[in-house]
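Observations on chain architecture
As a plain string of letters, each chain reads:
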Amino acid sequence: MTVYALAQISIHDRTRYDRYVAAFMPVLLKYQGRLLAADEAPHVVEGTWPYDKVILMAFDSRESFDRWANSPEYQEISRDRVAATDGVVVVADGVQGRR
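Residues numbered from 1 in each chain as written. Predicted model: local features only at pLDDT ≥ 70, side-chain atom pairs only at ≥ 80, totals over all residues. Heavy atoms only, no water.

The helix and strand tally for the protein stands at three helices and four strands. Sequence-ordered secondary structure for the protein, helices as α and strands as β, is β-α-β-β-α-α-β. At 14 Å, the protein has a C-alpha radius of gyration in line with the 13 Å of a compact globule built from 99 residues. Per-residue burial for the protein yields a buried fraction of 33% across its 99 residues. The contacts of the protein with a sequence gap of at least 6 include a subset with a gap of at least 24, amounting to 80%. Of the roughly 6400 Å² that the protein leaves accessible, carbon and sulfur atoms contribute 52%. The protein carries 12 positive and 14 negative side-chain charges, and their two centres are separated by 5 Å. (Helix = DSSP H or I, 4+ residues; strand = E, 2+ residues; numbered from the N terminus. Rg over C-alpha atoms; globule rule 2.2 N^0.38 Å. Buried < 20%, exposed > 50% of the residue type's maximum accessible area, 1.4 Å probe, protein only. Contact = heavy atoms within 4.5 Å. Areas by Shrake-Rupley, 256 points an atom, 1.4 Å probe, with all protein chains shown as cover. Lys, Arg positive; Asp, Glu negative; His and termini not counted. Charge placed at Lys NZ, Arg CZ, Asp CG, Glu CD.)

Attention now goes to the packing of aromatic side chains. Enumeration over the complete set of coordinates arrives at nine aromatic pairs. On the basis of an interplanar angle of 35° and a centroid distance of 5.2 Å, the ring pair of F59 and W68 is categorised as tilted. Judged on exposure class, the residue F59 and its partner W68 are both buried. Three or more aromatic residues joined by ring pairs make a cluster, and in this case those are Y17, Y20, F24, F59, F65, W68 and Y74. (Phe/Tyr/Trp six-rings, centres within 6.5 Å; stacked < 30°, edge-to-face > 60°.)

With a phi angle near 60°, Q32 is a residue other than glycine that sits in the positive phi range. With respect to the secondary-structure elements, Q32 resides in the loop between α1 (14-30) and β2 (34-39).

Encoded structure:
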């Protein structure tokens, strides 16, 4: 079942974050992840949103997400993201079939 990873972040060190972004796509693609959205100016429809950027990714399964997130390649580049941002990441299961 497809799973979606949603990150909402505030960036406080642009140089380190940009270094992470530059290395991100090859690692994501190596583990068959798909970047669906990455927006530093999302339109807030309701409520207050305290972050600078939203990122939405898809993976074929929770196991696929875990392989990517725990891979040596991602662990290496994620040091810059962790140091450069504050925020939250959630993983949610996709909906199977019609309801």
